[in-house]
Each structure stands twice: as C-alpha cells, then as structure tokens.
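Topology and contacts: notes
Residue-level listing of the chains:
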Amino acid sequence: MRPSALRLPSPRSPAAQCTVGTASLSVIIPAYDEAERLPRTLEESLAHLSTTRRGPWEIIVVDDGSHDSTCEFVAARLAAEPRLRLLSSGRGANRGKGAALAAGAAAARGDLLLLLDADGA
C-alpha cells in the first residue's frame, strides 16, 4: 500500500505565506566549542528575526558539553533577550550533534523548526 502524499500549499500561495509568516518558529543551534563563531551567528539571527518575523519566535542554543566559553556567552545574553533559550548537557558531556538537535527539538515551542549551525550555515 502506498502512503498518501502530504500536500502542502505552494510557497507562493496566499495561504502558505500567511501560515508560514505567522506560525511560531523555533531556531535550534547546536554548539560545541563554538565561542569563536557563535556570537556573530547569534547576533545576526537575533537582529534578523527581530526586524522581519511577524509571528512569535525563539532561538534555542544547545551547548553540547563545550570546554570553551560558548555556554557563558549565551548565558550572558539571556537577560537581554527573553526569546533566547539555552540548553546545556554540562561541561565535557558531549553527546554529538544529533543528540543536541534532538534535545533542542524536544524543548522547542514553535510550530516550525529551523536548524542552524553555529557558523551560520
């Protein structure tokens, strides 16, 4: 038996633009020893979402046991940006990118998930 195909509206249809533009969004950034690259990506993402996003959004940084100051950098930004969240597996408890993404997805509040590497890719 063939499973039924999921039919999504065309990205150019008014229904898709309204739904995607106003749905809640969770951006998940897995990070392991990313103190050098994460600040730029995080600041650019915060600026972009703050000025262009119509619906509710959040950014979740999942620190996967970094030995550098990745976790401290994000923690310092939490008070200034309530839509930023930090999950940490604990210093040195590296479980891998897949586990970090899974943890971020499980904690996400958004209807849509966007996976973003710490280097902005």
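Preceding this paragraph is the structure being described.
Residues numbered from 1 in each chain as written. Predicted model: local features only at pLDDT ≥ 70, side-chain atom pairs only at ≥ 80, totals over all residues. Heavy atoms only, no water.

Rolling a probe over the atoms, with the probe sized like a water molecule, indicates the empty space that remains. In this structure, the largest pocket spans a volume of roughly 150 Å³. In terms of lining residues, the largest pocket is bounded by 13 residues, among which Pro30, Ala31, Tyr32, Glu34 and Lys97 are the most central. Split by residue class, the lining of the largest pocket holds 5 nonpolar, 2 polar and 6 charged. (1 Å grid on protein atoms, 1.4 Å probe; cavity = no way out; pocket = protein on both sides within 12 Å on 5 of 7 lines; lining within 4 Å. Points joined across faces, edges and corners; volume = space filled by probe spheres on them. Nonpolar A, V, L, I, M, F, W, Y, C, P; charged D, E, K, R; others polar.)

What follows deals with the side chain of serine 24. Along the chain, serine 24 turns up in the loop between α1 (14-22) and β1 (25-31). Once residues lying within four places of it in the same chain are set aside, the contact partners of serine 24 are Arg53, Pro56, Arg109, Gly110, Asp111 and Leu112. (Helix = DSSP H or I, 4+ residues; strand = E, 2+ residues; numbered from the N terminus. Contact = heavy atoms within 4.5 Å.)

Moving on to the pairing of strand β2 (residues 57-63). Most of β2 sits out of view: 7 of its 7 residues are buried. Here β2 shows two buried faces, one formed by Trp57, Ile59, Val61 and Asp63 and the other by Glu58, Ile60 and Val62. In this sheet, β2 lies alongside β1 in parallel orientation, the contact comprising 7 bridges. Paired with valine 27 across the strands is isoleucine 59, a residue of β2. In terms of handedness, the path from β1 via helix α2 (residues 38-52) over to β2 forms a crossover that is right-handed. As judged from the 5 bridges shared by β2 and strand β3 (residues 84-88), these two strands associate in the parallel manner. Note that in β3 the partner of isoleucine 60 across the bridge is arginine 85. In this view, the connection linking β2 to its parallel neighbour β3 by way of helix α3 (residues 70-77) has right-handed handedness. (Buried < 20%, exposed > 50% of the residue type's maximum accessible area, 1.4 Å probe, protein only. Pairing = 2+ DSSP bridges. Right-handed = clockwise from strand over helix to strand, strands pointing away.)

On their own, these measurements won't tell you what the molecule is for.
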